[in-house]
Amino acid sequence: MLRVLCGGGGRFFRPGLSLVPLRRPPRRGIPQQPSPAVPPAVGRWLLACSGAVAGAVVLGGVTRLTESGLSMVDWHLVKEMKPPRTQQEWEAEFQKYQQFPEFKILNHNMTLTEFKFIWYMEYSHRMWGRVVGLAYILPAAYFWRKGWLSRPMKGRVLALCGLVCFQGLLGWYMVKSGLEEKPDSYDIPRVSQYRLAAHLGSALVLYSASLWTGLSLLLPRHQLHETRQLLQLRHFAHGTTALIFLTALSGAFVAGLDAGLVYNSFPKMGERWIPDDLLAFSPTLRNIFENPTTVQFDHRILGIASVTAVTALYHFSRKISLPHRTRMAVTSLLAVAWVQVGLGISTLLLYVPTPLAATHQSGSLALLSVALWLMSELRRMPK
């Protein structure tokens, strides 16, 4: 049958029939395939970044344990990268430190040699933080330019780079709280435990997001049968990971208030299961965040709850057929949890020695890492 093309309308005419739209073929040059997968190099980069963040968290914990965090009283992004070199420069730096409460109240007998030690501790932490920032931003710009990042991955990378910059500003905001004069306070100068918890919390979020994304890119998903028990195990793992995160965050309040130096006994606190001064502050809510006794008590409860949840998770997982790698993650989580509890109790009983306390802080990151690994192993297959 003769077809007569009508001009310009994209339609054709059949005698005796109504006008029918003409389907346009797909445009040439535009791929109809899905966007390519993100290269493994991006996943390895994010795992390396998470390791750098872990190093910063550990170094920051050691800085807090050695009471070095208030030794640098200025914050300059570039200027402070050059440490004092001459005797005059060191004396000028020491004189600036002497103008602030920590020296006047706590370290008024400190020598220049002792000051150099705490100064270099804080300097190392700050410089490591700058290295972490560069480790995120420079490769991110390179991968972006190379076109290796999918649209969702671009959003994640931007969020991570923004968070690492925010983390640096939050660190200085925290330090400022320990440099302020407090005429009405008789306590030793220290940073605000609220700001310390915010600083640690944002670092843990940055670490967890980087590790999770890296694992998601590098570890292939398992073909798991979506049974009711598997769904329960997945929810159980998510809840346990959240509990581990909360327990690690509560450690910031313990460190900020030196709460590990009270009631150095276990399982009781002194002669009692529940100490008399648990709710000594008024209003009652203040005790949760400001009373060293309550802060230590809460950290104990959270730690016990975490190891109990991990143990229950392990026993529940034995009822389910899991791949070998997933089974390894569950077993590793159980082992690390009990080691972490042992480190915490030992740190308490030995009156918080710096090496052991730093190991305990590192153990919290290890425990969180294995929990995230397990969550990654239990991911659903995309539909």
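In this text, all values refer to a predicted model and were calculated from it rather than measured experimentally. (Residues numbered from 1 in each chain as written. Predicted model: local features only at pLDDT ≥ 70, side-chain atom pairs only at ≥ 80, totals over all residues. Heavy atoms only, no water.)

### Quick look at the overall build of the protein chain
How we decide: Each helix corresponds to a stretch of at least 4 residues labelled H or I by DSSP, and each strand to a stretch of at least 2 residues labelled E; elements are numbered beginning at the N terminus. To sort residues, take the accessible area from a 1.4 Å probe on protein chains only and compare it with the maximum for the residue type: under 20% means buried, over 50% means exposed, and anything in between is partly exposed. In this description, contact between two residues means that some pair of their heavy atoms is separated by no more than 4.5 Å. Using a 1.4 Å probe, the Shrake-Rupley method yields the accessible areas, and only the shown protein chains count as cover for residues.
Helix and strand counts for the protein chain come out as eleven helices and three strands. Counting over 383 residues, the protein chain shows a buried share of 42%. Contacts spanning at least 24 positions in sequence make up 75% of the contacts within the protein chain whose residues lie at least 6 apart. Accessible surface, the protein chain: about 21700 Å² in total, of which carbon and sulfur atoms supply 64%.

### Notes on the UniProt feature "transmembrane region" (unreviewed entry) in the protein chain
Defined as follows: UniProt positions are given in the numbering used here, feature names are shortened, and annotations may be inferred rather than shown by experiment.
Per the UniProt annotation, the sites labelled "transmembrane region" (unreviewed entry) are residues 127-145, 157-175, 195-219, 240-263, 299-316, 328-352 and 358-375. Here residues 195-219 runs as 96% helix and 0% strand, with 35 Å between its end C-alpha atoms. A helix fraction of 100% and a strand fraction of 0% characterise residues 358-375, whose end C-alpha atoms lie 26 Å from each other.

### Some points on the pattern of salt bridges
Using the following cut-off: Basic side-chain nitrogens of Lys or Arg form a salt bridge, by our definition, when they fall within 4 Å of a carboxyl oxygen of Asp or Glu.
One pass over the structure, following the stated rule, counts eleven salt bridges. Between arginine 64 and aspartate 258 there is a salt bridge whose closest N-O contact spans 3.4 Å. Placement of the pair is arginine 64 in helix α1 (residues 40-65) and aspartate 258 in the loop between α7 (228-256) and α8 (286-290), with a sequence separation of 194 residues. On the accessibility criterion, arginine 64 (18% relative accessible area) is buried.

### Things to note about the environment of aspartate 258
How we decide: Here a polar contact is recorded for every N or O atom pair within 3.5 Å, except that within protein the pair must consist of a potential hydrogen donor and a potential acceptor, and residues adjacent in sequence are included only if both atoms are side-chain atoms.
Taking the C-alpha atoms as reference points, aspartate 258 and valine 352, 94 residues apart in sequence, are found 9.5 Å from one another. With sequence-adjacent residues up to four places away left out, aspartate 258 is seen in contact with Arg64, Ile188 and Arg190. At 2.8 Å, the side chain of aspartate 258 and the side chain of arginine 190 are in polar contact.

### Description of the side chain of threonine 294
Along the chain, the position of threonine 294 falls in helix α9 (residues 292-317). Residue threonine 294 is classed as buried on the basis of its relative accessible area of 4%. Reaching out from threonine 294, the side chain makes a polar contact with the backbone oxygen of leucine 278 at a distance of 2.3 Å. If we ignore the near neighbours within four places in the chain, the residues touching threonine 294 are Asp277, Leu278, Asn287 and Ile288.

### Re unusual backbone geometry
A cis amide bond links phenylalanine 266 to the next residue, proline 267, at an omega of 10°. Even without being glycine, tyrosine 263 reaches a positive phi, approximately 55°. Looking at the element boundaries, tyrosine 263 is found in the loop between α7 and α8. Judged by its relative accessible area of 25%, tyrosine 263 falls in the partly exposed class. A positive phi is found at valine 352, a non-glycine position, where the angle reads about 55°. Along the chain, valine 352 turns up in the loop between α10 (324-349) and α11 (354-377). For valine 352, a relative accessible area of 23% translates into the label partly exposed.

### A short note on helix α4 (residues 112-146)
Quick note on the threshold: The span expected for a helix works out to 1.5 Å for each residue beyond the first.
For α4, spanning 35 residues, the distance from its first C-alpha to its last is 50 Å, which sits close to the expected 51 Å at 1.5 Å a residue. Of the residues trailing α4, glycine 147 is marked for its positive phi of about 75°.

### Focus on the nonpolar core
Condition: The definition of a nonpolar core used throughout is a set of buried Ala, Val, Leu, Ile, Met, Phe, Trp, Tyr and Cys residues joined through side-chain atoms within 4.5 Å. The split of the chain into domains comes from an automatic or database domain assignment.
Counting residues in each nonpolar core, the largest one holds 54 residues, and the members touching the most others are Trp45, Tyr136, Leu333, Leu374 and Leu378. Counting only elements with at least two residues in this core, the list comes to α1, α4, α5 (151-179), α6 (193-218), α7, α9, α10 and α11. Considering every element that reaches this core, the biggest residue donor is α1, with nine residues. Shared between two domains, this core holds at least three residues of each, these being domain 1 (37-179 + 189-218) and domain 2 (222-382). Counting 27 residues, the second largest nonpolar core, distinct from the first, contains Leu112, Met174, Leu196 and Ala259.

### What to know about the environment of proline 101
Its place among the elements puts proline 101 in helix α3 (residues 101-106). Residues proline 101 and arginine 190, 89 residues apart in the sequence, show an inter-C-alpha distance of 9.3 Å. Dropping the residues within four chain positions of it, proline 101 is found in contact with Leu106, Leu179, Glu180, Glu181 and Pro189.

### Remarks on the state of the cysteines
Applicable threshold: When two cysteine sulfur atoms lie within 2.5 Å, the pair is treated as a disulfide.
Evaluated as defined, the whole model comprises zero disulfides. Looking at cysteine 161, it has no disulfide partner, and the nearest cysteine sulfur is the one in cysteine 165, 7.0 Å off.

### Regarding the confidence of the model for the protein chain
As a reminder of what qualifies: Think of pLDDT as the predictor's per-residue confidence, scored from 0 to 100.
With 89% of its residues at a pLDDT of at least 70, the protein chain reaches an overall mean of 89. In the model, residues 1-35 has pLDDT below 50 throughout and makes 23 contacts with residues more than four positions away in sequence or in other chains.

### Observations regarding a nonpolar patch on the surface
So the rule is basically this: For patch detection, residues must exceed 30% relative accessible area and be free of salt bridges, and they are connected within 9 Å for like charges or within 5 Å for nonpolar side chains (Val, Leu, Ile, Met, Phe, Trp, Tyr).
Nonpolar side chains collect at one region of the surface, where Tyr194, Leu285, Ile288 and Phe289 lie side by side and expose about 360 Å² of accessible area between them. Residue classification places leucine 285 among the exposed residues on the basis of a relative accessible area of 58%.

### What about the packing of α1 against α6?
The description of two packed helices rests on the angle between their axes and on the distance between the axes. Defined as follows: Only C-alpha atoms enter the line fits that serve as axes; for helices the fit covers just the stretch in contact. Angles between N-to-C directions range over 0 to 180 degrees. Roughly parallel means an angle under 35 degrees; roughly antiparallel, over 145; roughly perpendicular, 65 to 115; everything else is oblique. When the near helix sits turned anticlockwise from the far one by under a right angle, the crossing is termed left-handed; a clockwise turn instead gives a right-handed crossing. Under the grouping applied here, Gly and all other residues not named as nonpolar or charged are polar, the nonpolar ones being Ala, Val, Leu, Ile, Met, Phe, Trp, Tyr, Cys and Pro and the charged ones Asp, Glu, Lys and Arg.
Two elements in contact, α1 and α6, have axes separated by 8 Å at closest approach and are oriented at 155°. In this view, α1 runs roughly antiparallel relative to α6, as classed from their interaxial angle. Once α1 is placed against α6, the crossing between them reads as left-handed. Residues Pro40, Val42, Gly43, Arg44, Leu46, Leu47, Ser50, Val53, Ala54, Val57 and Arg64 of α1 pack against Leu196, Leu200, Ala203, Leu206, Tyr207, Ser210, Leu211, Thr213, Gly214, Leu215, Leu217 and Leu218 of α6. Of the residues in the contact of α1 with α6, the class split is 16 nonpolar, five polar and two charged.

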